[in-house]
Structures are given as C-alpha cells and as structure tokens.
Amino acid sequence: YDNVWDLDYILRPKKYFAVVRNPYSRVVSLFQSNHQDKVHLRNFRITKNYFNGWIQRVLKNPSLVGLKYENATFCQYPFFYDDTVSSPKQMIDHVVQFEYLVEDFNSLALQYGLNMSIPETRINSGSHERKLHHNVTIHDLDNETIHMLNTLCSKDFDLGRGYAKMNVTVLRNKNQNTVLRNKNHNASRLVTKQEMINNLVSETLSAYRKRLGPSE
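Residues numbered from 1 in each chain as written. Predicted model: local features only at pLDDT ≥ 70, side-chain atom pairs only at ≥ 80, totals over all residues. Heavy atoms only, no water.

Details of the overall build of the protein
For clarity, the threshold we go by: Numbered from the N terminus, helices here are DSSP runs of H or I no shorter than four residues, and strands are runs of E no shorter than two. When accessible area is computed with a 1.4 Å probe and restricted to protein chains, residues below 20% of their type maximum are described as buried, those above 50% as exposed, and intermediate ones as partly exposed. In this description, contact between two residues means that some pair of their heavy atoms is separated by no more than 4.5 Å. All accessible-area figures derive from a Shrake-Rupley calculation using a 1.4 Å probe, and residue coverage is judged against the displayed protein chains alone.
Of regular secondary structure, the protein possesses eight helices and four strands. In the protein, the succession of α and β elements from N to C terminus is α-β-α-α-β-β-β-α-α-α-α-α. Within the span of the protein, comprising 216 residues, buried residues form 25% of the whole. Within the protein, counting contacts between residues at least 6 apart in sequence, those at least 24 apart form 61% of the total. Of the accessible surface of the protein, which amounts to about 16000 Å², a share of 53% is contributed by carbon and sulfur atoms.

Written out as structure tokens, the structure is:
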C-alpha cells in the first residue's frame, strides 16, 4: 500500500510485505471468485474442459480478468522481484505465505511491535454461490494447464518456502511423441490408419495366394 497523496507517509521509512500463494490453488480460487456471482452460470454445469479452458485463456490474456496494465501477468514473481535489472532485486522486505498466513503475519507483527494479529478461527466461510463450485479443485487441472503454469509462472514456485510442481510426465511424453512423429515426417510420410488397414489386407491376400499355389 502506498499513499502518494500523503507527504508524511511518503517521507516516513517503511517496510513492505507481500503474500504469495500456491500457483495451482490460486488459479482455482480465481476461477471460483470470477464465477460465483454470475447469475447466468448458477445452473451451468462446470465441466473439466470448461474449467481448464477458462484458466488457459486467462493465463494467455490476463486482461480477461481486468489486468489491463502494460506487461500484465497473472504470475506473482514480478510483484516480488524486479528482474528488469541485471541482477533481480527483491522489491519487498518480507514474504508472507498464504498457507501459513496466521503464523507468518502474526510473527511479522510481533517483530515490528504492531498491536495486531490475524485470528486463527476463520471468520468468513464463503457464500452459497461459492459453494456451487466446491467440486472444482487443483485435481481438476489437466496436463496442459499444469504445463502452462509450470512454464509461465515457473519462478512463483520458488517464492516463500517454495512449492512443489505437479507432475506433467504424461504431457511431456505426448510432446516428445509429437516431435518424434514430426522428425519421421521429414524423412518419410507417416503411415495413416487407412494405409495400415490396406497394408494388412494386402499382406493377408498375399499369404492366401501363396497357400493356394501358382495359378494355372
């Protein structure tokens, strides 16, 4: 928070902290908050394809959720570090982790002698609209979405205590097969399903003729 209109505030020494969240649960939360108040979606069945398609579009185009400033990104790292310089510079003094929000913030408040704390008991459990999408979790993220997050927001996983990246082995194998097929395509044309059938029929007929012997 910066109050650029208050000169006393501007001149006063300050310490900054920022909250980081697991990249996967963060996109799920974004999806839920974006859809919870949409009346026309209340009777709409949220499918896995719709869920992942929406997230992928937002990752490619953050302006879809209102991030319309220059070089807008959904990733968190740019809000913690300035990597436009030769050596990335941390722009905040403390990283608070969402998953340890109470512990981290209260410890920070104690460190600076602030008479404030976050209660351990959750106050707001969410609205009934949010509960309409309670079945959407990080386990519904498909390989393509996971791969996009792991790639586009790779540095997010190193913030705070760090986060483990989800496995995308299946996707990698799929990509490797695609590359292999493309290389084969340059050397010789790929065999289509129909050609495989034709070859099988031809081989079967050839074997049948051999069993019959030479025709008179």
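The structure having been displayed, the exposition proceeds.
Quick notes on the packing of helix α3 (residues 48-60) against helix α6 (residues 143-152)
What counts, and what does not: Between the N-to-C directions of two axes lies an angle of 0 to 180 degrees, each axis being a line fitted to C-alpha atoms and, for a helix, fitted only over the stretch in contact. Here is the rule for angles: anything less than 35 degrees is roughly parallel, anything more than 145 is roughly antiparallel, 65 through 115 is roughly perpendicular, and the remaining ranges are oblique. Helix crossings get a hand from a simple test, with the near helix turned counterclockwise from the far one by less than a right angle marking a left-handed crossing and a clockwise turn marking a right-handed one. Classes in brief: Ala, Val, Leu, Ile, Met, Phe, Trp, Tyr, Cys and Pro nonpolar; Asp, Glu, Lys and Arg charged; the others, Gly included, polar.
Between α3 and α6, whose axes approach to 9 Å, the crossing angle comes to 25°. As judged from the angle between their axes, α3 and α6 are roughly parallel. As for the relative orientation of α3 and α6, their crossing is left-handed in sense. Counted together, N52, I55, Q56, L59 and K60 of α3 and E144, T145, M148, L149 and L152 of α6 form the full contact between these two elements. Considering only residue class, the contact of α3 with α6 consists of five nonpolar, three polar and two charged.

What about the packing of aromatic side chains?
Let me state the cut-off plainly: Two aromatic rings from Phe, Tyr or Trp, using only the six-membered ring of Trp, form a pair when their centres are within 6.5 Å; if the ring planes differ by under 30 degrees the pair is stacked, by over 60 it is edge-to-face, and anything between is tilted. To sit over a ring, a charge needs its Lys NZ or Arg CZ within 6 Å of the ring centre and within 35 degrees of the ring normal.
Per the stated rule, a full pass over the model turns up six aromatic pairs. Both rings, one in Y24 and one in F157, keep their centres 5.3 Å apart while their planes meet at 55°; by these two values the pair is tilted. Taken as a pair, Y24 in helix α2 (residues 23-35) and F157 in the loop between α6 and α7 (169-187) lie far apart in primary sequence, 133 residues in all. Taken together, a centroid distance of 5.4 Å and an interplanar angle of 80° make the contact between F31 and W54 edge-to-face. Within this pair, whereas F31 is found in helix α2, its partner W54 is found in helix α3, the two being separated by 23 residues in sequence. Neither F31 nor W54 differs from the other in exposure class; each is buried. Taken together, the ring pairs connect F31, Y50, F51 and W54 into an aromatic cluster. Against the face of F74 rests R26, its NZ or CZ located 4.1 Å from the ring centre. The lysine or arginine in question, R161, covers the ring of Y100, its NZ or CZ lying 3.9 Å from the ring centre.

Topic: the state of the cysteines
For clarity, the cut-off: Pairs of cysteine sulfur atoms within 2.5 Å are what we label disulfides.
This model, assessed by the stated rule, comprises one disulfide. The side chain of C75 participates in a disulfide bridge whose partner is C153; the two sulfur atoms lie 2.0 Å from each other. Handedness of the C75-C153 disulfide follows from its S-S torsion of about -75°: it is left-handed. Pair noted here: C75 is in the loop between α3 and β2 (81-82) and C153 is in the loop between α6 and α7, with a separation of 78 residues, a long-range link. An identical accessibility class is assigned to C75 and C153; each is buried.

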